[in-house]
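Overview (structure and organization)
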Amino acid sequence: MRATQTKPKVETTPTWRHHHILDLDDFTREEIELVFQTTRAMKEILSRPIKRVPTLRGKTIVTLFYEPSTRTRLSFELAAKYLSADVVNLNASVSSVAKGESLIDTLGTLQALGADIIVIRHPHSGAPYIAARHIEASIVNAGDGWHAHPTQALLDLYTLYEHKANLNGLKAVIIGDIMHSRVARSNIWGLTTMGIGVTLCCPPTLLPIGLGEEQLPPVKIEPNIELALDGADMVMTLRLQLERQKSGLLPSIREYINLYQLTEARLARAKPDALVFHPGPVNEGVEISPTVAHGPQSVIKEQVANGVAVRMALLYLLTGGHKQ
Ligand code: CP
């Protein structure tokens, strides 16, 4: 392979200063734009017949998942492999965690085994922050409880950016189970940092904790879905997290569907070129109708595909690739 083909070509002034990726609340617009530019370079690599460069040769990346995942875990694994890193997947349910080993001890073991980056998903909000305080390896938050899922928000932003080069002033609507959604929280940070107005639409019982305080940036709240969708450029529906619902938050699933399902008729209230997002997994027929999920405005499959390139970009930036 020619030397020019081995290094992703990123034409930008380096502004990256993160050793960990825990959430987007500490990302600047310039840093998000650097992720976009780096992702574009990674997509060029992914378009080649042989999708592999030696950029991360000698680096060890561990995925440590305490909760189920398809998209996030597989895309990190593929991203690491395409960059020639050694990648090890540790499923907490079949590791020594099942024998009672603590998070800190598990992380210490992974550090001792030479991990450079640990990608962690954990059911408890804040677990990646504890991890980041205890080890030298870079920690990437792949979803912690209800709190944050920054790499999902970055791939959502990148997918939007591919369609609408000027993000400033767009209107995004996030519909559904926002309280339990780490995706929504990280997107609120990322979207507002990029100058996008955010409207949340959900039953009052599913509004996130921290709204109106310093825990989240300012957003609009519109519980009526038709009014919320008026003039929207980006519509994100969220999975109704049945496993995280406490009794009493919703009168019934049928009523939720009647009031909050994204249907073709409702989507018609948004701009004609509005894009439909869903982080997955999708409950088709609950938060989104099958015709919208598979319709011409849906970018759900693009989100999944972009997940690999965005995570390649993040692994590259974390290991200092843009400075070499
Ligand atoms: N969006 C998302 O986090 O999907 P997975 O649970 O499949 O990783």
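In what follows, the accompanying structure is described. Not measured: the values here are computed from a predicted model.

Across all of its chains, the model carries five aromatic pairs by this definition. Ring centres 5.9 Å apart and planes at 50° place the aromatic pair Tyr158 and Tyr161 in the tilted group. With a gap of three residues between them, Tyr158 and Tyr161 both fall in helix α6 (residues 150-163), about one helical turn apart. This pair shows no difference in class: Tyr158 is buried, exactly as Tyr161 is.

The element strand β4 (residues 138-144) is largely enclosed, with a buried count of seven among its seven residues. Two strands pair when backbone bridges link them, and strand β3 (residues 117-122) and β4 are joined in this way by five bridges, in the parallel orientation. Looking at the pairing, Ile120 lines up with Asn141 of β4. Once you follow β3 into helix α5 (residues 127-134) and on to β4, the crossover reads as right-handed.

Tallied over the entire structure, the rule returns 10 salt bridges. Notably, a salt bridge pairs Asp273 with Lys164, separated by 3.3 Å at the nearest N-O pair. Of this pair, Asp273 sits in the loop between α10 (264-267) and β9 (275-277) while Lys164 sits in the loop between α6 and β5 (171-175), and the two are 109 residues apart along the sequence. Given a relative accessible area of 47%, Asp273 falls into the partly exposed group. The network of salt bridges with shared partners includes Arg73, Glu77 and Lys81.

Calculation notes
- Residues numbered from 1 in each chain as written.
- Predicted model: local features only at pLDDT ≥ 70, side-chain atom pairs only at ≥ 80, totals over all residues.
- Heavy atoms only, no water.
- Phe/Tyr/Trp six-rings, centres within 6.5 Å; stacked < 30°, edge-to-face > 60°.
- Helix = DSSP H or I, 4+ residues; strand = E, 2+ residues; numbered from the N terminus.
- Buried < 20%, exposed > 50% of the residue type's maximum accessible area, 1.4 Å probe, protein only.
- Pairing = 2+ DSSP bridges.
- Right-handed = clockwise from strand over helix to strand, strands pointing away.
- Salt bridge = Lys/Arg side-chain N within 4 Å of Asp/Glu carboxyl O.

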